[in-house]
Amino acid sequence: MYIAVLAMCSFLLLLIGGFMRPRDQQAEATPASVADILQLELVTQRRQVEHIADYFASVAATVEDSVVLLGATGHSGVVWQGGEVVTSSGLGPFPMQDRTALGSREVVLSTELSAPHLPFVLLGAPLDAAVSDRRQVRLYGRGAWLLAVWRSREGGLRYASGNLFGVTDGRCGEIDLPEVQTNLDLSLMQPGSGVFSLDGGLLAIVLDCSGHPIAAEAAALEVRARSALSAQDRLAGRFGMMAGAATEAELEFFGHETGVLVQVTWWGFRAHEAGLLPGDLILSLDGMPIESPADLVSLLLPVSREVLELEVWRAGRRRTVQMLARASTEAGVPTRGFVGRTAGLAVESVIPGSLAERAGARPGDRLLAVNQRRPASYEDVEAAFADANGGPVHIVLERGGRAWGTLVQADE
């Protein structure tokens, strides 16, 4: 009983002491409003975006010396290595020389590799010019950040960020090139832009593939550029034409026993300016017989004369064609895409499964010739097929500055 009374007294004393103890004076905290929370989130997001933007700008600055503006074409270009610059080709012949700034120095670049069927151009800088070599490229996983960097036509540095989704097989113009898949909007960039990793490694070059830009894998592009060019490639690069052995059916159709067949010509090049057309059979060069494609190698040899004389077989008769031996160093380049071609009939649509589709025609193409004659109307085309009486007909089509010929059966 005594113990219980003591315990009760102790409890009462503690309770009274608790009420009598001085309390700390604290202001009552008011809950944050929704507006305050939203404002805090916006400030945090803005700081994160500013931080990311500053980081991308610093990456662009590290590769700035590797991205140049070409004065003659207005294309952006990327310093390759060993004093070379790579860029996207354009419609028409690329000039033999271009100019750019490497560091603080204005230099003249010489075109080392350019052909109308290649979507890229390789230019060489003077040996004493300062260049910026590419950094080593590592393997990057899906979703890795990328930075496209280019020069505007005014010379200012531009860049855009995106992500890597992988590499797939692609085709640009007439060659196969692996394509880097990304969410970068390539249509907003200059042809010849570089696509870099965030550590400065060059992953891809933006190439114009007949109006459709792709990010071509840099490693594969280098393999293609370094591979030994065939005589056919060099013939295309110098004169803008491809020629090969005619089949027996083609020789029978054209009515001649020998000759090398002109298969493709490109607008603005020397073959086009000389008047050569797909379907012409080259019989001689400066009086020397041409009986096989190997005989055309002489076209690639240095010459002192200004004009080459070709004898060709066209529409059942011999003709003489004069072609410039050397191109002008001041050749213009139509970089805006405006080209004054009015020859031929416009192909507005192509019926699926038709002869036109099997011949490779697409809407927007131009029909330049039927049986080596230029049609004035589609009535002329119908008349040519009627005259063939179900036999072979040779047609020449043009697309994007490239003209090619094909032999088709009128009864198909």
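Above: the structure in question.
What you are looking at is a predicted structure, and each value in this text was computed from that prediction instead of being measured. (Residues numbered from 1 in each chain as written. Predicted model: local features only at pLDDT ≥ 70, side-chain atom pairs only at ≥ 80, totals over all residues. Heavy atoms only, no water.)

Enquirer: Summarise the sheet that holds strand S6 (residues 120–124); cite the residues concerned and give the values.
Expert: The antiparallel open sheet is built from six strands, whose spatial order is S1-S2-S3-S6-S5-S4. Unpaired on one side and paired on the other, strand S1 (67–69) and strand S4 (97–102) mark the two borders of the sheet. When the angles between neighbouring strand axes are averaged without regard to direction, this sheet yields 40°. By the bridge criterion, three bridges tie S1 to strand S2 (residues 76–79) in an arrangement that is antiparallel. In the sheet register, Leu69 faces S2, and the bridge partner there is Ser76. Seen against the sheet, helix H3 (residues 218–226) touches strand S3 (84–88), strand S5 (105–113) and S6 and runs at an angle of roughly 70° to S6. (Pairing = 2+ DSSP bridges. Helix = DSSP H or I, 4+ residues; strand = E, 2+ residues; numbered from the N terminus. Axes fitted to C-alpha atoms, helices over the stretch in contact; angles between N-to-C directions. Contact = heavy atoms within 4.5 Å.)

Enquirer: I'd love a proper account of the pattern of salt bridges, names of residues and values included.
Expert: For the structure on display, the rule yields seven salt bridges. Arg171 is the partner of Asp176 in a salt bridge, and the nearest nitrogen-oxygen pair spans 2.7 Å. The exposure class assigned to Asp176 is exposed, which follows from its relative accessible area of 57%. A relative accessible area of 49% means that Arg171 is categorised as partly exposed. (Salt bridge = Lys/Arg side-chain N within 4 Å of Asp/Glu carboxyl O. Buried < 20%, exposed > 50% of the residue type's maximum accessible area, 1.4 Å probe, protein only.)

Enquirer: Tell me about the packing of aromatic side chains, and please be specific about residues and values.
Expert: All chains considered together, the criterion is met by three aromatic pairs. Ring geometry for Tyr55 and Phe56: centres 6.5 Å apart, planes at 40°, overall tilted. On the basis of relative accessibility, which here comes to 9%, the residue Phe56 falls in the buried class. A ring pair is formed by Phe56 and Trp145, whose centres lie 5.4 Å apart and whose planes are at 55°; its orientation type is tilted. (Phe/Tyr/Trp six-rings, centres within 6.5 Å; stacked < 30°, edge-to-face > 60°.)

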